[in-house]
Amino acid sequence: MRLGDFVRGTFVAGAVALSGCASDDDSASAPTTTAATFAGTVNVTVQEFAVIPETTSAPAGEVTFSVTNTGPDDVHEFVVVKTDLAPEALPTESNGSVDETGAGIEPVDEIEDIAVGDTQSVMADLEAGSYVLMCNIYDKAEKESHYQQGMHSGFTVT
């Protein structure tokens with residue numbers, strides 16, 4: 001093999017490897033965290049209409065959720081429930097909000113009324129298992145359930 005072929009081959013292999021690290025849409029996939037790198041805080045963005053944690057898992061123990069409402073218009077809340085149900089399959093009230101006392105879910109903690117532009121935090125001592133992070137506001141004026149609009153995300157504690 002000639003040196004030029006080797007250099008070109010190495011360059012192409014490196015470019016292919018690096019292309020797997022790039023993304024045109026940062027919100028398309030959340031980074032993952034391992035127990036060895038977890039610092040105890042999960043940053044979460046709430047917005048119309050999504051709950052976007054920076055990671056979808058954490059080790060069991062004390063987890064602080066730092067939640068920022070990026071709006072652009074609505075006040076949101078942040079609710080953590082333990083459940084084996086899929087995030088979109090939680091029991092709901094007739095208005096579409098989640099029945100937080102419904103079968104198959106266990107409320108853990110929440111932050112109410114996070115104004116647009118604000119960041120608030122809540123610390124929860126989480127056991128291993130499956131959780132759902134959500135906004136459970138029902139807007140009477142708009143007649144819309146934020147949960148039904150897609151404001152929920154699965155979260156796993158290992």
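Residues numbered from 1 in each chain as written. Predicted model: local features only at pLDDT ≥ 70, side-chain atom pairs only at ≥ 80, totals over all residues. Heavy atoms only, no water.

Caption draft 1: Representation of the overall build of the protein in the model. Counting its regular elements, the protein contains 1 helix and 11 strands. For the protein, the α and β elements follow one another from N to C terminus as α-β-β-β-β-β-β-β-β-β-β-β. Of all 158 residues assigned to the protein, the portion counted as buried reaches 35%. In the protein, once contacts between residues fewer than 6 apart in sequence are set aside, the share between residues at least 24 apart is 66%. (Helix = DSSP H or I, 4+ residues; strand = E, 2+ residues; numbered from the N terminus. Buried < 20%, exposed > 50% of the residue type's maximum accessible area, 1.4 Å probe, protein only. Contact = heavy atoms within 4.5 Å.)

Caption draft 2: Representation of the environment of Ala86. Here Ala86 is to be found in the loop between β5 (76-83) and β6 (105-114). In this structure Ala86 comes out as partly exposed when scored by relative accessible area, which is 32%.

Caption draft 3: Geometry of the side chain of Glu144. In this fold, Glu144 is placed in strand β10 (residues 144-145). Here Glu144 occupies a buried position and makes no salt bridge, while the nearest side chain of opposite charge, Lys143, is found at 12 Å. (Lys, Arg positive; Asp, Glu negative; His and termini not counted. Salt bridge = Lys/Arg side-chain N within 4 Å of Asp/Glu carboxyl O.)

Caption draft 4: Region of interest: the side chain of Ser153. Structurally, the position occupied by Ser153 is in strand β11 (residues 152-157). The class for Ser153 is buried, based on a relative accessible area of 13%. Those residues within four positions of Ser153 in sequence are excluded, and the remaining contacts are Val51, Pro53, Pro87, Tyr131, Val132 and Leu133.

Caption draft 5: Up close: the nonpolar core. By size, the foremost hydrophobic cluster in this structure holds 22 residues, and its most contacted members are Val44, Phe65, Val67, Phe78, Leu126 and Phe155. Mapped onto this core, the elements with two or more residues apiece are β1 (41-47), β4 (61-71), β5, β6, β7 (119-126), β8 (129-134) and β11. Other than its neighbours up to four places away in sequence, Leu126 contacts Ala60, Gly61, Val63, Phe65, Val108, Tyr131, Phe155 and Val157. Judged by nonpolar contacts, the second largest core, of 8 residues, contains Val79, Leu90, Val132 and Met134. (Core = buried A, V, L, I, M, F, W, Y, C linked by side-chain atoms within 4.5 Å.)

Caption draft 6: Structural view of a negative patch on the surface. Together, Glu62, Glu106, Asp125 and Glu127 line one region of the surface with negative charge. In this fold, Glu62 is placed in strand β4. On the accessibility criterion, Glu62 (56% relative accessible area) is exposed. (Patch = residues over 30% accessible without salt bridge, like charges linked within 9 Å, V, L, I, M, F, W, Y side chains within 5 Å. Areas by Shrake-Rupley, 256 points an atom, 1.4 Å probe, with all protein chains shown as cover. Charge placed at Lys NZ, Arg CZ, Asp CG, Glu CD.)

Caption draft 7: Fine view of the sheet that holds β8. Strand order in the open sheet formed by 5 strands is β3-β11-β8-β5-β6, and the pairing between neighbours is mixed. The sheet terminates laterally at β3 (57-58) and β6, the two strands that pair on one side only. (Pairing = 2+ DSSP bridges.)

Caption draft 8: Region of the structure containing the pairing of β1. Alternating positions in β1 separate cleanly, Val42, Val44 and Val46 being buried on one face and Thr41, Asn43, Thr45 and Gln47 remaining unburied on the opposite face. Across 7 bridges, β1 lies against β4 in parallel orientation. Each residue of the ladder has a partner; that of Thr45, found in β4, is Thr68. Pairing of β1 with strand β2 (residues 50-53) involves 4 bridges; the strand directions are antiparallel. Following the sheet pairing, Val46 is matched in β2 by Val51. Turn length for the β1-β2 hairpin, with the two strands adjacent in sequence and antiparallel, is 2 residues.

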